[in-house]
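The primary structure of each chain is shown beneath.
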Amino acid sequence: SGLLAGKRGLVLGVANNRSIAWGIARSARAHGAELAFTYQGDALKKRVEPLARELEAHIVGHCDVTDPASIDAAFARTAEVFPEGLDFVVHCIAFSDKDELTGRYVETSEANFTKSLLISCYSFTAIAQRAEKLMTNGGSLLTLTYYGAEKWMPHYNVMGVAKAALEASVRYLAADLGPSKIRVNAISAGPIKTLAASGIGDFRYILKWNEYNAPLRRTVTIEEVGETAAYLVSDMSRGMTGEILHVDAGYHVVG
Ligand code: 0WD
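Residues numbered from 1 in each chain as written. Predicted model: local features only at pLDDT ≥ 70, side-chain atom pairs only at ≥ 80, totals over all residues. Heavy atoms only, no water.

## Regarding the pattern of salt bridges
Inference 1: Taken as a whole and assessed by the stated rule, the structure comprises 11 salt bridges.
Inference 2: Here D87 and R8 are joined by a salt bridge, their closest N and O atoms 4.0 Å apart. A residue pair is termed long-range when its members are at least 10 positions apart, and D87 in the loop between α3 (68-81) and β4 (88-91) and R8 in strand β1 (residues 8-12) qualify at 79 residues.
Inference 3: Among the salt bridges present, the one from R29 reaches E56, with a minimum N-O distance of 2.7 Å. With R29 in helix α1 (residues 20-30) and E56 in the loop between α2 (41-54) and β3 (58-62), this pair connects stretches of sequence that are 27 residues apart.
Inference 4: Judged by relative accessible area, R29 falls into the partly exposed class, the value being 25%.
Inference 5: Salt bridges sharing common partners tie together R8, E84 and D87. (Salt bridge = Lys/Arg side-chain N within 4 Å of Asp/Glu carboxyl O. Helix = DSSP H or I, 4+ residues; strand = E, 2+ residues; numbered from the N terminus. Buried < 20%, exposed > 50% of the residue type's maximum accessible area, 1.4 Å probe, protein only.)

## Considering the site of the ligand
Inference 1: Around the ligand, the surrounding shell holds 27 residues, and the nearest of these are S19, I20, K163, I192 and T194.
Inference 2: S19 has a polar side-chain atom sitting 2.6 Å from an oxygen atom of the ligand.
Inference 3: One nitrogen or oxygen atom from the main chain of I93 is found 3.4 Å from an oxygen atom belonging to the ligand.
Inference 4: Counting atoms within 2 Å of the grid points, the majority share of the ligand lands in the largest pocket.
Inference 5: Class assignment of the residues belonging to the shell around the ligand gives a composition of 18 nonpolar, 7 polar and 2 charged. (Near = heavy atom within 4 Å. Polar contact = N/O pair within 3.5 Å; in protein donor to acceptor, adjacent residues only side chain to side chain. 1 Å grid on protein atoms, 1.4 Å probe; cavity = no way out; pocket = protein on both sides within 12 Å on 5 of 7 lines; lining within 4 Å. Sits in = over half its atoms within 2 Å of the grid points. Nonpolar A, V, L, I, M, F, W, Y, C, P; charged D, E, K, R; others polar.)

## Brief notes about the sheet that holds β3
Inference 1: With respect to topology, 7 strands assemble into an open sheet ordered β3-β2-β1-β4-β5-β6-β7, the strand pairing being parallel. Bordering the open sheet on either side are β3 and β7 (244-247), each of which pairs with just one other strand. Strand-to-strand twist in this sheet, taken as the mean axis angle between neighbours without regard to direction, amounts to 20°.
Inference 2: Here strand β2 (residues 34-39) pairs with β3 via 3 bridges, running parallel. Bridged to A36 within β3 is H58.
Inference 3: Sheet contacts for α3: β1, β2 and β3; angle to β3, the most-contacted strand, approximately 160°. (Pairing = 2+ DSSP bridges. Axes fitted to C-alpha atoms, helices over the stretch in contact; angles between N-to-C directions. Contact = heavy atoms within 4.5 Å.)

## Focus on a nonpolar patch on the surface
Inference 1: On the surface, a cluster of nonpolar side chains totalling about 220 Å² of accessible area is made up of Y105, F113 and V161.
Inference 2: Looking at the element boundaries, V161 is found in helix α5 (residues 157-177). (Patch = residues over 30% accessible without salt bridge, like charges linked within 9 Å, V, L, I, M, F, W, Y side chains within 5 Å. Areas by Shrake-Rupley, 256 points an atom, 1.4 Å probe, with all protein chains shown as cover.)

## Section: empty space enclosed by the protein
Inference 1: Applying the stated criterion across every chain, the model contains 1 cavity of 30 Å³ or more.
Inference 2: Reported here for the largest cavity is a volume of approximately 50 Å³.
Inference 3: Surrounding the largest cavity, Y146, Y147, M153, S188, A189, G190, P191, N210, D248 and Y251 form its lining. (Points joined across faces, edges and corners; volume = space filled by probe spheres on them.)

## Here we look at the side chain of D248
Inference 1: Here D248 shows up in the segment after β7.
Inference 2: Here D248 is buried and forms no salt bridge, its nearest opposite-charge partner R218 lying at an N-O distance of 9.6 Å.
Inference 3: A polar contact is formed between the side chain of D248 and the backbone nitrogen of H252, at a distance of 2.9 Å.
Inference 4: With sequence-adjacent residues up to four places away left out, D248 is seen in contact with S188, A189, G190, A214 and V220. (Lys, Arg positive; Asp, Glu negative; His and termini not counted.)

## With respect to the nonpolar core
Inference 1: Core analysis: the biggest nonpolar cluster contains 51 residues, and L35, F37, I187 and V225 have the highest contact counts within it.
Inference 2: Filtering out sequence-adjacent residues up to four positions away, L35 remains in contact with G9, V11, A25, A28, R29, L55, A57, H58, F82 and F88.
Inference 3: Counting 35 residues, the second largest nonpolar core, distinct from the first, contains V81, I93, I119 and A186. (Core = buried A, V, L, I, M, F, W, Y, C linked by side-chain atoms within 4.5 Å.)

Okay, here's the thing in structure tokens:
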């Protein structure tokens with residue numbers, strides 16, 4: 001029983017127990033979903049395996065979104081573990097060279113621009129292509145974005161440009177996949193201390209700034225993002241697609 005009873009979901013981007021993907025996976029499981037995880041490389045395999053066990057989730061293997069063959073392999077394995085079909089995919093993946101998450105955006109190199117956009121934006125479209133084939137009864141695709149897509153934020157630089165492109169791709173994918181009854185949405189999360197966030201310059205200052213200025217006068221947790229994600233991949237949100245929902249203690253009305 002539960003909000004997500006009978007739903008099968010693939011979660012990409014669990015790196016450790018602080019990952020937003022982990023918060024989402026825990027909520028989805030608590031609401032009754034059956035889950036599958038990928039991991040990126042052998043270093044993360046060891047971390048992801050015990051977390052998957054905790055939620056009785058399948059592990060569908062290594063998936064590096066810069067390698068189309070590894071995405072294909074992960075989806076082939078997903079089709080095997082979920083022969084009844086796939087209901088949702090949660091994409092919690094982003095990357096930029098740490099050296100360019102500080103200082104001026106104008107210094108961005110072509111190589112890091114290309115890599116950041118490939119991993120942080122195009123990968124969601126690459127995943128949508130594969131997911132569509134498994135979502136024979138419709139489904140829900142969800143990605144994670146940040147306010148730096150909408151406004152200039154210190155140090156966010158090329159990631160802000162990548163997230164703006166990701167948010168635009170949510171709208172285009174929503175229009176393309178709507179006829180297949182596949183919904184496409186994003187959560188714009190407030191800053192949370194994770195592995196990826198620790199690469200951003202002055203991150204502690206950004207957390208403090210949010211605590212002082214967000215309407216709720218605090219930051220958000222991966223549990224809170226997880227609960228909203230559970231809603232977005234459930235039938236409760238069946239009338240919504242192409243939406244960017246802020247889970248940021250209200251910061252977006254201020255900043
Ligand atoms: O404040 C924050 N933490 C926010 C994060 C605020 C708003 C949005 N987000 C977004 C991030 O931009 C990202 O899209 O949430 C998503 C999840 O990020 P996270 O939970 O903050 O970070 P983390 O736990 O580090 O997970 C991101 C993971 C990678 O971890 P590391 O830190 O090892 O790069 O993305 C995965 C990887 O597991 N990843 C990849 N997966 C497959 N192929 C790749 C890749 N090439 N590169 C990174």
